[in-house]
Amino acid sequence: MSFEPITGRYLTVTIQGRRQRIHVEMAGEGTPVLCLHTAGADTRQWRHVLNDAGLTKDHRFYAFDMPWHGKSLPPEGFQTDEYLLTTEAYIETVLAVSRALGLDRPILAGCSMGGRIALQLAALHGDAFSGFIAIEASDFQPAWYDIDWFHRPDAHGGEMGAALVSANISPHAPEAERWNTLWMFMQSGPGVFRGDLSFYTRDDSLIGRLSRIDTTRTPVHLLVGAYDLTCTPEDARRTAAAIPGATCTVMEELGHFPMSEHPAAFRPFFADALARMKVAAHV
């Protein structure tokens, strides 16, 4: 029997005046990297990165479940709340967790809604980080689906979410990892995926802030899967073009959840992105 190198801890932070118990997983030594999961999921999406001895040799990875997600409980009194994630609450959460962990200008790596908020932080709090890896991220995409289907009394929200997700996973993804990825969405709490998608599909404030990102101080690299229907390569290229100095790589054979759906194919692209952050830091 052998244990994985990942360790998990809980920390309590205050976000918008409410105490939140946050679950954090970590592994490795070296440059700190704070990892953000996608909408409706949790930090299990990053388990392959945190178990990768080649990556953790020089990086200490931290991945946390957003409030309402995974092992992070909703705040007290949640039963009377409608969960709708906002840009302001998301930014406050990421900064609060980074401070609580005592991280000194970590690299921020986020996927989907995590990539979107990484770009928001690059524009508004760039000095708090040493670089940004925005995965499956773009300036804005309005929903091409009705987000209310993910929280209805006559539909299973988790299975509805998994159905949407399945269309955004590459056909090259290994079957086991495809279903592991879908399982996370099937387990999502009632209304959580819908609440995340409210942020992702309705807040277009990033568009006007892209020009504020200073890549001479904090590098920005976008990664996008060739099979992503939600954030297409064209969307990511458009966004990178609006950020002076940003770079973008299209990942062949990958979809919207690359670190989870096909970790082996994702690894070289992510390793390259990490290397770009280090090179930029020494220029």
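1. Points about unusual backbone geometry
In this structure, Gln-16 is a non-glycine residue whose phi angle is positive, near 50°. Looking at where Gln-16 falls in the secondary structure, it is placed in the loop between β1 (7-15) and β2 (18-28). For Glu-136, which is not glycine, the phi dihedral falls at a positive 50°. Relative to the helices and strands, Glu-136 resides in the loop between β6 (131-135) and α5 (157-166).

2. Re the packing of α5 against helix α6 (residues 175-186)
Between two packed helices, the angle of one axis relative to the other and the distance separating the axes together describe the packing. Two elements in contact, α5 and α6, have axes separated by 7 Å at closest approach and are oriented at 145°. For α5 against α6, the interelement crossing comes out right-handed. Between α5 and α6, the residues in contact are Gly-158, Gly-161, Ala-162, Val-165 and Ser-166 and Arg-178, Thr-181, Leu-182, Phe-185 and Met-186, respectively. Looking at the contact of α5 with α6 residue by residue, the classes come out as five nonpolar, four polar and one charged.

3. Some remarks on the pairing of strand β5 (residues 107-111)
When you tally the buried positions in β5, you get five out of five residues, the bulk of the element. Bridge analysis of strand β3 (residues 31-36) against β5 gives four bridges, and the strand direction is parallel. Bridging across to β5, Leu-36 finds its partner in Gly-110. As paired elements, β5 and β6 share five bridges and run parallel to each other.

Conventions we followed
Residues numbered from 1 in each chain as written. Predicted model: local features only at pLDDT ≥ 70, side-chain atom pairs only at ≥ 80, totals over all residues. Heavy atoms only, no water. Helix = DSSP H or I, 4+ residues; strand = E, 2+ residues; numbered from the N terminus. Axes fitted to C-alpha atoms, helices over the stretch in contact; angles between N-to-C directions. Left-handed = near helix turned anticlockwise from the far one by under 90°. Contact = heavy atoms within 4.5 Å. Nonpolar A, V, L, I, M, F, W, Y, C, P; charged D, E, K, R; others polar. Buried < 20%, exposed > 50% of the residue type's maximum accessible area, 1.4 Å probe, protein only. Pairing = 2+ DSSP bridges.

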